[in-house]
Amino acid sequence: MQEKKKHYVRPLNIKNGKIEMNYGAGGKASAQLISELFAKYFNNEYLMQGDDGAYLPAAEGHIVMATDSHVVSPIFFSGGDIGSLSVHGTVNDVSVCGAKPLYLSAGFILEEGFPLADLEKIVKSMAEEAKKAGVYIVTGDTKVVEKGKGDGIYINTTGVGVVPKGIHLSGANCKPGDVIAVSGDIGDHGIAIMSQRANLGFETEIQSDSASLNSMTEALVKEIPSLRCMRDPTRGGLGTTLNELATQSKVGMKIEEAKIPVKEQVTAACEFLGLDPLFVANEGKLIAICGPEDAEKMLEIMRANPLGKNAQIIGTCVEDENCFVQMETPFGGTRMVDWLSGEQLPRIC
Amino acid sequence: MCLAVPVQIIEVLPGDEAIAEIAGVKKTISTALIEDVQVGDYVILHVGYALQKIDPEEAQKTIQLFNSQVSA
Amino acid sequence: MKYISEYRDSAIAKEITKKIAEEVRPERTYRLMEFCGGHTHVLSRYGLENILPKNVEMIHGPGCPVCVMPIGRIDSAIELAVKHHVILCTYADTMRVPASGGISMMKAKAQGADIRMVYSVSDAYKIAKENPDKEVVFFAIGFETTTPPTAVVLKQAKAENIKNFSVFCNHVLTPAAMKHILNNPNGVKIDGIVGPAHVSTIIGSDPYKELAEKYKKSVVVAGFEPLDMLQAILMLIRQINDGRAEVENEFIRAVKPEGNVKAINLMKEVFDIRDSFEWRGLSSVPYSALKLSEDYAFFDAEKRFDLPYRRVPDNKACECGAILRGEKHPSDCRAFGTVCTPETPIGSCMVSSEGACAAYYTYGRRTKK
């Protein structure tokens with residue numbers, strides 16, 4: 001009797017293959033992409049359930065959910081890639097709400113012709129960063145668009161986490177007298193990305209600071225009873241985020257320029273381009289605000305974390321019906337730090 | 001008047017070009033507007049062109065002038 | 001950072017400021033115009049105006065090449081991209097300036113015009129060489145700091161016989177603008193002038209002699225850093241107290257009396273002076289702007305393309321003109337901070353990063369309440 005031949009499926013040609021339309025169609029090709037790429041690296045019991053949605057264990061406490069879409073270009077940059085960024089971004093958004101991040105979803109929109117080798121690099125990177133942060137990527141989706149209708153790859157990640165009982169952080173909680181701290185050097189990510197844009201043509205060793213901050217946020221939530229809020233200053237930078245918080249809390253802010261940590265190379269690159277580091281994006285930093293009684297402890301906790309070695313207290317909240325963020329210059333003068341009006345453009349004048 | 005930045009020449013290239021550097025940030029620039037560029041020179045850079053060399057002695061005199069204003 | 005950090009030393013700044021406070025005579029006002037937009041930016045960014053004595057008034061001059069560009073010229077630039085389908089290359093500074101019909105270059109780009117932001121004129125030239133079947137026009141703006149690079153590239157284009165590259169020239173001249181302001185009998189009263197830093201590295205300090213000799217104004221050419229400005233202000237106050245009207249140079253590390261002769265000769269070779277040019281806020285100013293010389297006529301976008309100039313009056317509420325002439329302060333403008341903000345600018349003083357209104361709105365509007 002003849003043995004039934006096992007059905008042979010040629011494995012994906014990761015090395016030289018490209019994304020084709022049928023990878024997004026939900027059929028055999030999609031299944032192959034999932035099993036040989038996504039599931040292979042994201043490997044966890046929830047993802048392996050293989051249903052349309054993931055059944056997750058019940059959790060005690062309030063649930064926090066956050067979502068972020070990632071369209072960064074170039075997709076590979078010094079210090080990270082679109083994959084690692086997509087994990088860090090959403091883990092951080094959940095974490096700064098005071099929650100312990102638990103699960104992520106990952107949605108991919110791929111352009112026809114996108115190299116599988118690049119996709120593998122990105123997926124591997126996401127898996128690594130998820131593991132470091134202690135989160136599982138439990139569900140996902142892949143769609144493919146025709147060549148010319150996408151920018152290679154777009155990723156959306158949505159995350160859920162759980163907030164311990166009694167914790168309710170909010171950007172509206174700040175009061176005059178509260179102390180503002182930033183967890184480290186600002187502007188690294190934005191400059192790293194810009195330096196790789198061909199038309200600006202400058203070289204720097206600055207790497208993106210993209211990182212998961214949940215170990216720092218968890219310590220702050222646990223040890224700082226007067227913690228009002230935390231936020232990560234991504235697009236728009238420190239300046240924009242401070243303005244958001246000031247407006248939400250209906251307070252003003254007074255910060256000191258001399259205290260704001262910035263790497264010399266970042267300052268130099270900003271000089272070249274006529275940019276203000278206050279408005280350059282960060283992907284591995286956070287702003288935390290707490291009552292004055294806990295300020296020293298807050299700084300200690302940040303600095304004890306490997307991502308917070310250069311943390312600084314930069315200012316305080318003040319009474320101000322206009323909700324202005326004002327900065328004292330090293331010269332004793334004062335200037336406004338206003339909302340960023342549109343994207344900062346390099347200038348000649 | 002315009003945004004210009006003092007940078008140091010770290011390499012002279014053929015065709016009126018050079019590599020300039022400031023605090024570790026490097027850029028290829030044009031030296032077509034100045035003469036006699038040497039590695040180690042400081043120049044004022046504007047829109048990718050070196051406009052003028054910085055004279056280290058005069059720069060030092062300026063700093064001394066500032067310092068002399070410091071009240072006794 | 002060398003040649004930057006030491007000129008930003010806050011301890012020394014405090015000392016120079018103290019000296020200024022000691023030497024000003026309390027019974028008079030010192031009205032000083034900082035010509036250049038870059039200096040206006042330094043004043044705001046370091047909050048210098050609120051550490052100077054109250055009787056030292058800084059008047060913001062028209063040294064912002066984007067602010068003084070009349071709307072009609074921006075319209076022409078947009079026309080090049082939209083009607084003539086060129087690849088229009090421009091410095092980022094002009095992208096958001098509002099032109100006619102609520103269009104800006106940024107908006108035109110969003111609507112499909114091929115408008116590209118470049119860091120340097122040489123990038124525009126590169127684009128021309130990489131796209132031989134398309135016309136590439138460089139929107140040249142700026143004072144004498146930015147003009148020599150344009151000249152270098154035009155000389156290259158001629159030598160390399162690149163046919164698809166041209167320049168829409170809006171380069172303007174500093175001494176002419178300064179004289180025009182001082183010539184105005186009803187204009188703002190000025191005691192002294194802080195001369196531009198980088199323009200002067202090119203033209204030198206000699207061209208300002210006429211301002212001192214003929215107009216009897218004290219002039220100090222100042223470097224670009226905050227200590228340079230404070231020092232220059234101190235030097236101006238001393239001149240004014242002594243009754244001297246001289247040209248002094250604080251920026252000795254980069255400015256020579258004769259300037260950069262190589263750059264000046266190159267500009268003379270490639271450009272001619274226009275008989276007159278419209279400046280926003282200053283109306284027509286004689287011998288204040290450049291056009292391409294006969295030898296370079298082939299590269300003149302205004303000759304290559306049909307580009308009629310249409311004079312467009314400023315918005316009625318817009319006080320950019322008076323502000324550029326130093327006659328009014330941004331807060332004097334009805335539209336300031338209400339209808340006119342950096343997100344919804346009415347005039348270029350609000351859009352340009354060097355514009356007095358933008359600087360004041362972004363850095364200073366609240367502290368001067």
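Just so it is clear, the model here is predicted, and its values are computed rather than measured.

### Some thoughts on the overall build of chain C
Thinking step 1. Within chain C, the regular secondary structure consists of 15 helices and 13 strands.
Thinking step 2. In terms of overall dimensions, chain C has C-alpha extents of about 65 × 45 × 45 Å along its principal axes.
Thinking step 3. Classification of the 369 residues of chain C by burial places 59% in the buried group.
Thinking step 4. Residue pairs in contact within chain C that sit at least 24 positions apart in sequence constitute 77% of those at least 6 positions apart.

### Some details on the pairing of strand E2 (residues 17–22) of chain B
Residues and elements named next belong to chain B.
Thinking step 1. What you see with E2 is a clean split: Ala18, Ala20 and Ile22 sit on the buried side and Glu17, Ile19 and Glu21 on the side with no burial.
Thinking step 2. Summarising the sheet, strand E1 (residues 5–13) and E2 pair through 5 bridges and their orientation is antiparallel. Bridging across to E2, isoleucine 9 finds its partner in alanine 20.
Thinking step 3. Bridge analysis of E2 against strand E3 (residues 25–30) gives 6 bridges, and the strand direction is antiparallel. Looking across to E3, one finds that isoleucine 22 is bridged to valine 25.
Thinking step 4. Following E2, the chain reverses through 2 residues before pairing antiparallel with E3; alanine 23 in that reversal takes a positive phi of roughly 50°.

### A word on the interface of chain B and chain C
Thinking step 1. The interface of chain B with chain C comprises 33 residues on the first partner and 41 residues on the second.
Thinking step 2. Among the elements that make up the side of chain B that touches chain C, the one with the highest residue count is helix H1 (residues 56–68) of chain B (8 residues).
Thinking step 3. Within the side of chain B that touches chain C, the residues separate by chemical class into 21 nonpolar, 8 polar and 4 charged.

### Examining the sheet that holds strand E10 (residues 252–256) of chain A
Paired through backbone hydrogen bonds, the strands of a sheet run either parallel or antiparallel to each other.
Residue and element names in this part refer to chain A.
Thinking step 1. The strand order E9-E11-E7-E12-E10-E13-E14 describes an open sheet built from 7 strands, whose pairing is mixed. What marks the edges here is a single partner per strand, and that holds for strand E9 (227–231) and strand E14 (334–336). Across the sheet, the mean angle from the axis of one strand to that of its neighbour is 25°, orientation sign disregarded.
Thinking step 2. Across 4 bridges, E9 lies against strand E11 (residues 287–290) in antiparallel orientation. From the neighbouring strand, leucine 227 faces E11, where its bridge partner is cysteine 290.

### Details of unusual backbone geometry
Residues and elements named next belong to chain A.
Thinking step 1. Here serine 73 and proline 74 are connected by a cis peptide whose omega angle stands at 5°.
Thinking step 2. For proline 74, the location among the structural elements is in the loop between strand E1 (62–70) and strand E2 (76–77).
Thinking step 3. Even without a glycine there, the phi angle at lysine 250 is positive, about 55°.
Thinking step 4. By the element assignment, lysine 250 lies in the loop between helix H6 (237–249) and E10.
Thinking step 5. Take lysine 250: there are 14 C-beta atoms within 10 Å of it, and that puts it in the partly exposed class.

### Comments concerning helix H2 (residues 82–95) of chain A
Thinking step 1. Counted at 1.5 Å a residue, the expected span for H2(A) with its 14 residues is 20 Å, and the 20 Å between its end C-alpha atoms agrees.
Thinking step 2. Most of H2(A) sits inside the fold, with 14 of its 14 residues counted as buried.

### Topic: the domain arrangement of chain A
Residue and element names in this part refer to chain A.
Thinking step 1. Entries for chain A in the domain assignment read domain 1 (21–163) and domain 2 (179–336).
Thinking step 2. On a C-alpha basis, the centres of domain 1 and domain 2 stand 27 Å from each other.
Thinking step 3. In this assembly, 21 residues from domain 1 lie in contact with 20 residues from domain 2.
Thinking step 4. Sorting the residues of the side of domain 1 that touches domain 2 by element identifies H2, strand E4 (100–111) and helix H3 (116–133) as the ones contributing at least two each.
Thinking step 5. For the side of domain 1 that touches domain 2, the residue count by class is 9 nonpolar, 9 polar and 3 charged.

### Examining the UniProt feature "domain: PurM-like N-terminal" (unreviewed entry) in chain A
Thinking step 1. UniProt annotation of "domain: PurM-like N-terminal" (unreviewed entry) refers to residues 50–163 of chain A when read in the numbering used here.
Thinking step 2. Taken end to end, residues 50–163 of chain A comprises 28% helix and 40% strand; its first and last C-alpha atoms sit 28 Å apart.

### A word on the sheet that holds strand E6 (residues 153–163) of chain A
Residue and element names in this part refer to chain A.
Thinking step 1. Judged by pairing direction, the sheet is mixed, and its 4 strands sit side by side in the order E1-E6-E4-E5 without closing on themselves. Since the sheet does not close on itself, it has two edges, and those belong to E1 and strand E5 (136–145), each with one partner. Averaged over all pairs of adjacent strands, the angle between their axes in this sheet comes to 15°, without regard to strand direction.
Thinking step 2. Taken together, the 10 bridges between E4 and E6 define a ladder with antiparallel strand orientation. Counted as the bridge partner of isoleucine 109 is tyrosine 154 from E6.

### Considerations on the nonpolar core
When a protein is soluble and globular, its nonpolar side chains tend to lie buried together.
Thinking step 1. Within the largest apolar cluster, 259 residues are counted, with the highest numbers of intra-cluster contacts made by A:Ala269, A:Ala288, A:Ile289, C:Leu88, C:Val194 and C:Ile233.
Thinking step 2. Ranked by residues supplied to this core, first place goes to helix H10 (residues 226–242) of chain C with 10 residues.
Thinking step 3. Both domain 1 (21–163) and domain 2 (179–336) of chain A contribute no fewer than three residues apiece to this core.
Thinking step 4. Here A:Ala269 is in contact with A:Ile191, A:Ser195, A:Phe202, A:Thr204, A:Ile206 and B:Val25, once residues within four sequence places are set aside.

### Digging into the pairing of strand E7 (residues 192–195) of chain C
All names here are of chain C.
Thinking step 1. The two faces of E7 match: Gly192 and Val194 on one face and Ile193 and Gly195 on the other face are all buried.
Thinking step 2. In this structure, strand E1 (residues 30–36) lies alongside E7, joined through 3 bridges in parallel fashion. The partner of methionine 33 across the bridge, within E7, is isoleucine 193.

### Focus on the packing of helix H5 (residues 214–223) of chain A against helix H8 (residues 295–304) of chain A
Residue and element names in this part refer to chain A.
Thinking step 1. It is at 9 Å that the axes of H5 and H8 come closest, and there the two elements cross at 155°. Looking at the two axes, H5 sits roughly antiparallel to H8. As H5 runs across H8, the sense of the crossing is right-handed. When H5 is examined against H8, the residues Met216, Ala219, Leu220 and Glu223 are found in contact with a partner set consisting of Lys297, Met298, Ile301 and Met302.

Cut-offs used in this document
- Residues numbered from 1 in each chain as written.
- Chains lettered and ligands numbered in written order.
- Predicted model: local features only at pLDDT ≥ 70, side-chain atom pairs only at ≥ 80, totals over all residues.
- Helix = DSSP H or I, 4+ residues; strand = E, 2+ residues; numbered from the N terminus.
- Buried ≥ 20, exposed ≤ 12 C-beta atoms within 10 Å, placed from the backbone.
- Contact = placed C-beta atoms within 7 Å.
- Pairing = 2+ DSSP bridges.
- Nonpolar A, V, L, I, M, F, W, Y, C, P; charged D, E, K, R; others polar.
- Axes fitted to C-alpha atoms, helices over the stretch in contact; angles between N-to-C directions.
- Expected span 1.5 Å × (residues − 1).
- Domains from an automatic or database assignment.
- UniProt positions renumbered as here; feature names shortened; annotations may be inferred.
- Core = buried A, V, L, I, M, F, W, Y, C linked by C-beta atoms within 7 Å.
- Parallel < 35°, antiparallel > 145°, perpendicular 65-115°, else oblique.
- Left-handed = near helix turned anticlockwise from the far one by under 90°.

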